[in-house]
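Analysis of the macromolecular model
So you can see what is in the structure, the chains are spelled out below.
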Amino acid sequence: MTFVKIGKDWFLVFFFTVPLVGSVTREKKRSLIFFLLLLRLTLFCPSSSVDSVNLLFFFKTSSTPPMAEIASTSSGRGHQSPPAPIMNLADDHLFTVLLLLPVDSILSFSATCKRFRNLACSDSLWESLWRREWGPSSAESVKSSGLLLPWMVLFKRVCKLDSVSCHRISDLDDDEEESSSLLPLPRASHSLNFVTDYLVLFGGGREGGRHLDDTWTAYVGETNQKTLRWKKADSVTPGGRFGHTCVVIGDSLVLFGGINDRGERLNDTWIGRVGCHGKQLLWKLLTVVGAPKPPPRGAHAASCISEKTMVVQGGIGLSGVRLGDTWILELSEDLNSGTWHEVVSNALLPPRSGHTLTYIRENQVVLFGGRGLGYDVLNDVWLLDTQEQCERWIQIFYDFQDLEESASLPRVGHSATLILGGRILIYGGEDTFRHKKDDFWALDVKTIPSKGLQVDGGAVCLNGSKAWKRLDGVSYRPKGRSFHRACADGSGRYVYVFGGMVDGLNLAVTSSLRFENELFMVELLLGL
């Protein structure tokens, strides 16, 4: 049995699995299918919220029919089975139940009859499913984009994403004289975030070993994501640095660590907020409560992991030593103070730098790639799981069967961004020989179970052919780059990429590198 809330009432649904007698009528088939669908629900109803409980029997047949049915059957051959109880439910009640089911179950439900097919394929249902799976902001973004396709079609195209389109972003001041002074300088190992409808760019390193301490903002409108204006923000900065991390938590930025002009590794934490319509960025030093604190580092990775929690992993510490430790920062409600603690896990995470941490769901982040000891470039995947008050690293091995021979996943200095559809978009980076990459990969995080991972020795093996997909690039093709930065807008459909290092004119010389200040947008193609 299970509880299902329909309207203001809770229904206690009982299920019976008993043999069918005689011919299997259409009504019995409908009951059986709906019975199997409802078994997918695992709901619990708090007693304090129950106003009334109703009993529903969605399936009731047995080898010995009830007396009323025997009498009716013996009276003649014209007997028809009574309608299944599910047929008596109003469409709005069925709509409520369908929104609780997985997508594959809804598709199965639509195959039962014409009435259910019309309901299960309705535009209103699939828009609601879109909002359930990927949030209201992405739904509003699709509406404003002018895509005139049914929501069910758009939903399927997101699930089968196979291509992206890159667009060079033009600045509104491009035609003005001396516009170059109104643009951020070329840089790498900076930070780029999307917060409160603004792109926020801070710091980084540039040619000649100089480090930057400037802050830039650009407003991203809902109707024209391909044109924007950079503004240099007035702010008291945390100090020039590169190789730092900056994470969005709520409407604020949390910056940690990096390497300053003197080559010193840092371990300070700053909170930033956008103000005055992007003209100001207000930074303040976070008060750390307690003694434990991460050692100084740069080229590490960081991500939020819950509403007021950030995780920091690895990087290059003092004397250039690569680190393999993991730290979690728990922030106060007002973001004025925080407490650090180190994660102690049975799994041994190899030291690395230039890798990525990506939030995939509450209390779970995914680590990918980086440069390990001995300068080897890695392609391993790890999951940090902090559910049920148990913090642990789990290595994920992928069994590849259909991966193309030309594909090369190992990389360092790449970007890894959570996008619409529950995927991590991995772009660029460089290999062991510092050759820059320009490929796009999607890692489907839905293939990583949110609960119940069967871990064997701190690791789990998954089907790599279903999880990884190389995406085709359409239209403009940016140069291969590494140590750039990327972030997605609120919808998850558009990813902005800025800067990085690209190969110089003399490809035969390893040190021939160029720093970029190009901004381009990666769009997930849904309307092809």
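Structure's up top.
In this report, we go over the structure that sits alongside the text. Just so you know, these numbers come straight off a predicted model, no measurement behind them. The numbers attached to residues start from 1 for each chain and follow its sequence in the written order. Under the rules for a predicted model, residues below a pLDDT of 70 receive no local features and side-chain atom pairs below 80 are neither given nor counted, while totals for whole chains, interfaces and linings still include all residues. Only hydrogens and water are set aside; all other atoms, that is, all heavy atoms of the structure, feed into the side-chain values.

On to the pattern of salt bridges. Here the idea is simple: oppositely charged side chains can pair when their charged atoms come close. Note on definitions: salt bridges are taken to be side-chain nitrogens of Lys or Arg within 4 Å of carboxyl oxygens of Asp or Glu. All chains considered together, the criterion is met by 23 salt bridges. The closest approach of N and O atoms between Glu140 and Arg131, which form a salt bridge, is 2.7 Å. Residue class for Glu140 comes out partly exposed when judged on its relative accessible area of 39%. Exposure classes here rest on a 1.4 Å probe applied to the protein chains alone. A residue is buried below 20% of its type maximum, exposed above 50%, and partly exposed in between. Owing to a relative accessible area of 27%, Arg131 belongs among the partly exposed residues under this scheme. Here Glu307 ties to Lys308 by a salt bridge, and the two come within 3.8 Å at their closest N and O atoms. Exposure remark for Glu307: the relative accessible area of 61% places this residue in the exposed category. Members of the salt-bridge network, linked through shared partners, are Arg371, Glu430, Arg434, Lys436 and Asp503.

This paragraph deals with unusual backbone geometry. A positive phi angle is found at Thr196, which is not glycine, with a value near 45°. In DSSP terms, a helix is any run of H or I states spanning at least four residues, a strand is any run of E spanning at least two, and both are numbered starting from the N terminus. Checked against the element boundaries, Thr196 lands in the loop between strand 6 (191-195) and strand 7 (198-205). Exposure remark for Thr196: the relative accessible area of 36% places this residue in the partly exposed category. Although it is not a glycine, Asn363 adopts a positive phi angle of roughly 70°. Within the secondary structure layout, Asn363 lies in the loop between strand 20 (356-361) and strand 21 (364-371).

Right, let's get into the side chain of Gln395. Its location among the elements puts Gln395 in strand 23 (residues 392-399). Note on contacts: a residue pair qualifies if any of its non-hydrogen atoms lie within 4.5 Å across the two residues. Ignoring sequence-local partners within four residues, the contact set of Gln395 consists of Asp380, Val381, Trp382, Gly458, Ala459 and Val460.

Attention now goes to helix 8 (residues 151-159). The periodicity of an α-helix, 3.6 residues per turn, causes residues three or four positions apart to be oriented the same way. Those residues of helix 8 that sit buried are Trp151, Met152, Leu154, Phe155 and Val158. End-on, the buried residues of helix 8 take up no more than an arc of 165°, which puts them together on one face. For helix 8, the elements touching its buried residues are helix 4 (103-109), helix 6 (123-134), helix 7 (136-145) and strand 25 (423-427). Taking the helix axis as origin, the arc is that swept by the directions to the C-beta atoms.

All right, on to the sheet that holds strand 21 then. A pair of strands is labelled paired if DSSP reports no fewer than 2 bridges between them. Read across the open sheet, the 5 strands follow the order 20-21-22-23-27; overall the sheet is mixed. Of all the strands in the sheet, the pair left with one neighbour each is strand 20 and strand 27 (459-463). If you compare each strand with its neighbour and ignore which way they point, the axes differ by 30° on average. Judged from the 7 bridges that link them, strand 21 and strand 22 (residues 377-385) form a sheet pairing that is antiparallel. Note on strand 22: the bridge partner recorded for Phe368 is Val381. Only the stretch in contact is used when a helix axis is fitted, and all axes are lines through C-alpha atoms; the angle between N-to-C directions ranges over 0 to 180 degrees.

So, on to the nonpolar core. Joining through side-chain atoms within 4.5 Å is the link that ties buried Ala, Val, Leu, Ile, Met, Phe, Trp, Tyr and Cys residues into a set, and such a set is a nonpolar core. Counting residues in each nonpolar core, the largest one holds 41 residues, and the members touching the most others are Ile106, Trp126, Trp130, Phe440, Val495 and Val522. Residues contacting Trp126, with those up to four places away along its chain left out, are Val103, Ile106, Leu107, Ala120, Cys121, Trp151, Met152 and Phe155. Grouped together as the second largest cluster of nonpolar side chains are 21 residues, Val366, Ile394, Ile396 and Val460 included.

Here the focus is the packing of aromatic side chains. Each aromatic ring pair is summarised here by two numbers: the centre-to-centre distance and the angle between the ring planes. Centres within 6.5 Å are what make two rings of Phe, Tyr or Trp a pair, Trp counting through its six-membered ring; a difference in plane orientation under 30 degrees is then read as stacked, over 60 as edge-to-face, and the rest as tilted. Taken as a whole and judged by the stated rule, the model has 14 aromatic pairs. Ring centres of Trp230 and Phe498 lie 5.8 Å apart, and the angle between their planes is 70°; on these two criteria the pair is classed as edge-to-face. With Trp230 in strand 10 (residues 230-232) and Phe498 in strand 30 (residues 494-498), the pair connects residues that are 268 residues apart, well separated along the chain. For Trp230, a relative accessible area of 6% puts it in the buried group. With a relative accessible area of 0%, Phe498 lands in the buried category.

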